[in-house]
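Chain residues, written in single-letter form:
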Amino acid sequence: MMKKASAGLVLAGLLLLTACQSSSMDDMAMNPSDMKMIDVDLQVNPELPKTDEWVTLQATISQNGKRVKKVSDITFEIWKDDQTSEHFKVKAAKKEAGVYVVERKFPTAGTYNVTAHTTASGFHAMPSKQFQISAN
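Residues numbered from 1 in each chain as written. Predicted model: local features only at pLDDT ≥ 70, side-chain atom pairs only at ≥ 80, totals over all residues. Heavy atoms only, no water.

The chain carries the name FixH family protein in an unreviewed UniProt entry, which gives Paenibacillus alba as its organism.

Draft legend 1. Up close: the nonpolar core. Counting 25 residues, the largest nonpolar core has Ile38, Leu57, Ala59, Ile61, Ile74, Phe76 and Phe131 as the members making the most contacts within it. Taken together, the elements giving at least two residues each to this core come down to strand 1 (38–45), strand 2 (54–63), strand 4 (71–80), strand 7 (99–105), strand 8 (110–120), strand 9 (123–125) and strand 10 (128–133). (Core = buried A, V, L, I, M, F, W, Y, C linked by side-chain atoms within 4.5 Å. Buried < 20%, exposed > 50% of the residue type's maximum accessible area, 1.4 Å probe, protein only. Helix = DSSP H or I, 4+ residues; strand = E, 2+ residues; numbered from the N terminus.)

Draft legend 2. Inspection of the pattern of salt bridges at higher detail. Counting across every chain of the model gives 2 salt bridges. Salt-bridge contacts for Arg67 lead to Glu96; the nearest nitrogen and oxygen are separated by 2.6 Å. Taken as a pair, Arg67 in strand 3 (residues 66–67) and Glu96 in strand 6 (residues 93–96) lie far apart in primary sequence, 29 residues in all. One salt bridge connects Asp73 with Lys91, and the closest N-O pair in it is separated by 2.3 Å. Separated by 18 residues along the polypeptide, Asp73 in strand 4 and Lys91 in strand 5 (residues 88–91) bring together distant segments of the chain. (Salt bridge = Lys/Arg side-chain N within 4 Å of Asp/Glu carboxyl O.)

Right, here's the structure in full:
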């Protein structure tokens, strides 16, 4: 009699575990159409900056046509085109929902690159832009 009761409890436990597992797996399943990549619009302002004037690098992050309110991380990587190893990285400041900026001056004329390393909504994007700084 004890063996039957133990076997019954083990069987009931297994059924319960199986039911809980399939339920939690269903909760975790995501519809691929719900998974939209983030879009990062990277802008340089002014469009034709000069040496030693303030330049605003701005990233606007959206997903599914709406601005992303919670961004996990956004870091701007900036380097002059002829520099292969010396890249400057700076955390962007939140300007408003989904909009992040870095403001800085560039003392030397030339071609520069910026990459906005952006993580939001479980996605990572790294848009890049090249811009010119002309001499005053």
